[in-house]
Amino acid sequence: MTKEELMRKAIELSKENVENGGGPFGAVIAKDGKIIATGVNRVTASCDPTAHAEVSAIRSATSQLSTFDLSGYEIYTSCEPCPMCLGAIYWARLDKMYYANNKTDAKNIGFDDSFIYDELELKPTDRKLPSEVLLADEAIKAFEAWAQKDDKIEY
């Protein structure tokens, strides 16, 4: 399949998902023009705020391929990813991302992630979500164990 055909599939998934009660988002993960996995937004259907199309597609692809590393694969998503999905795309090491609608288009229909981008610019103490450091001296022991582990699988 061409890039355009793969994007059309992501767009088709987004339209179908609206008809099926989900959000207007679809994603396709492909390699060499072949679809490996797809995902749609199922946040409300699954009562899972992380069930965005891109995350769902990544979960499906990594499960099918039995790897957390999607190097060599590309993602086609019907909309520019939110901060969570963009982070997941980077963590999955996808080679390239294509998107159709942008974050302003999403904002215009009520999917506004700008507050998250704004929050990330602030110091934790200035964010809307109250947070405080707790038991850091105990938690650091797991990090020290990881740093000393010889047979770890880095990711």
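Residues numbered from 1 in each chain as written. Predicted model: local features only at pLDDT ≥ 70, side-chain atom pairs only at ≥ 80, totals over all residues. Heavy atoms only, no water.

A. Highlighting the overall build of the protein. Scanning the protein from terminus to terminus reveals seven helices and four strands. Counting from the amino terminus, helix and strand elements in the protein follow one another as α-β-β-α-α-β-α-β-α-α-α. With the C-alpha coordinates aligned to their principal axes, the bounding extent of the protein is approximately 50 × 40 × 25 Å. Out of the 155 residues belonging to the protein, those deemed buried represent 30%. Long-range contacts, defined here as pairs at least 24 residues apart, represent 47% of the contacts in the protein between residues at least 6 apart. For the protein, the exposed area adds up to about 10,300 Å²; of that, 55% sits on carbon and sulfur atoms. Across the protein, the mean location of the 18 positive side-chain charges is 3 Å away from that of the 26 negative side-chain charges. (Helix = DSSP H or I, 4+ residues; strand = E, 2+ residues; numbered from the N terminus. Buried < 20%, exposed > 50% of the residue type's maximum accessible area, 1.4 Å probe, protein only. Contact = heavy atoms within 4.5 Å. Areas by Shrake-Rupley, 256 points an atom, 1.4 Å probe, with all protein chains shown as cover. Lys, Arg positive; Asp, Glu negative; His and termini not counted. Charge placed at Lys NZ, Arg CZ, Asp CG, Glu CD.)

B. Layout of the sheet that holds strand 3 (residues 74-79). With mixed pairing, four strands are arranged side by side in an open sheet as 2-1-3-4. For this open sheet the edge positions go to strand 2 (34-40) and strand 4 (96-101), each flanked by a neighbour on one side alone. Averaged over all adjacent pairs, the angle separating strand axes in this sheet is 15°, with direction ignored. Pairing of strand 1 (residues 26-31) with strand 3, which is carried by four bridges, proceeds in the antiparallel orientation. Pairing of Ile29 across the sheet is with Ile75, part of strand 3. Contacts between helix 1 (residues 3-19) and the sheet are confined to strand 1, strand 2, strand 3 and strand 4, with strand 1 contributing the most and set at about 150° to the helix. (Pairing = 2+ DSSP bridges. Axes fitted to C-alpha atoms, helices over the stretch in contact; angles between N-to-C directions.)

C. Looking closely at the packing of helix 3 (residues 53-65) against helix 4 (residues 83-92). Between helix 3 and helix 4, the least distance of the axes is 8 Å, while the angle of their chain directions is 25°. Our classification of the angle between helix 3 and helix 4 gives roughly parallel. The handedness of the crossing between helix 3 and helix 4 is left-handed. Contacts between helix 3 and helix 4 involve Glu54, Val55 and Ile58 from the first element and Met84, Cys85, Ala88, Ile89 and Ala92 from the second. Considering only residue class, the contact of helix 3 with helix 4 consists of seven nonpolar, no polar and one charged. (Parallel < 35°, antiparallel > 145°, perpendicular 65-115°, else oblique. Left-handed = near helix turned anticlockwise from the far one by under 90°. Nonpolar A, V, L, I, M, F, W, Y, C, P; charged D, E, K, R; others polar.)

D. Representation of the environment of Leu120. Within the fold, Leu120 resides in helix 6 (residues 114-120). The exposed category is assigned to Leu120, whose relative accessible area is 53%. Separated by 37 residues in the primary sequence, Leu120 and Pro83 place their C-alpha atoms 9.8 Å from one another.

E. Region of interest: the pattern of salt bridges. Enumeration according to the criterion identifies five salt bridges in this entry. Between Lys128 and Glu119 there is a salt bridge, with its nearest N and O atoms 3.8 Å apart. The exposure class assigned to Glu119 is buried, which follows from its relative accessible area of 13%. Measuring nitrogen to oxygen at the nearest pair gives 2.9 Å for the salt bridge that ties Asp151 to Lys149. A relative accessible area of 38% means that Lys149 is categorised as partly exposed. (Salt bridge = Lys/Arg side-chain N within 4 Å of Asp/Glu carboxyl O.)

F. Broad picture of the nonpolar core. Counting residues in each nonpolar core, the largest one holds 17 residues, and the members touching the most others are Ile29, Ile58, Ala61, Leu70, Tyr73, Ile75 and Leu94. Elements that contribute at least two residues to this core include exactly strand 1, strand 2, helix 3, strand 3 and helix 4. For this core, the leading source of residues is helix 3, giving four residues. Residues in contact with Ala61, not counting those within four places in the same chain, are Ile29, Ile36, Ala37 and Leu70. Within the second largest apolar cluster, nine residues are counted, among which are Met7, Ala10, Ala30 and Tyr76. (Core = buried A, V, L, I, M, F, W, Y, C linked by side-chain atoms within 4.5 Å.)

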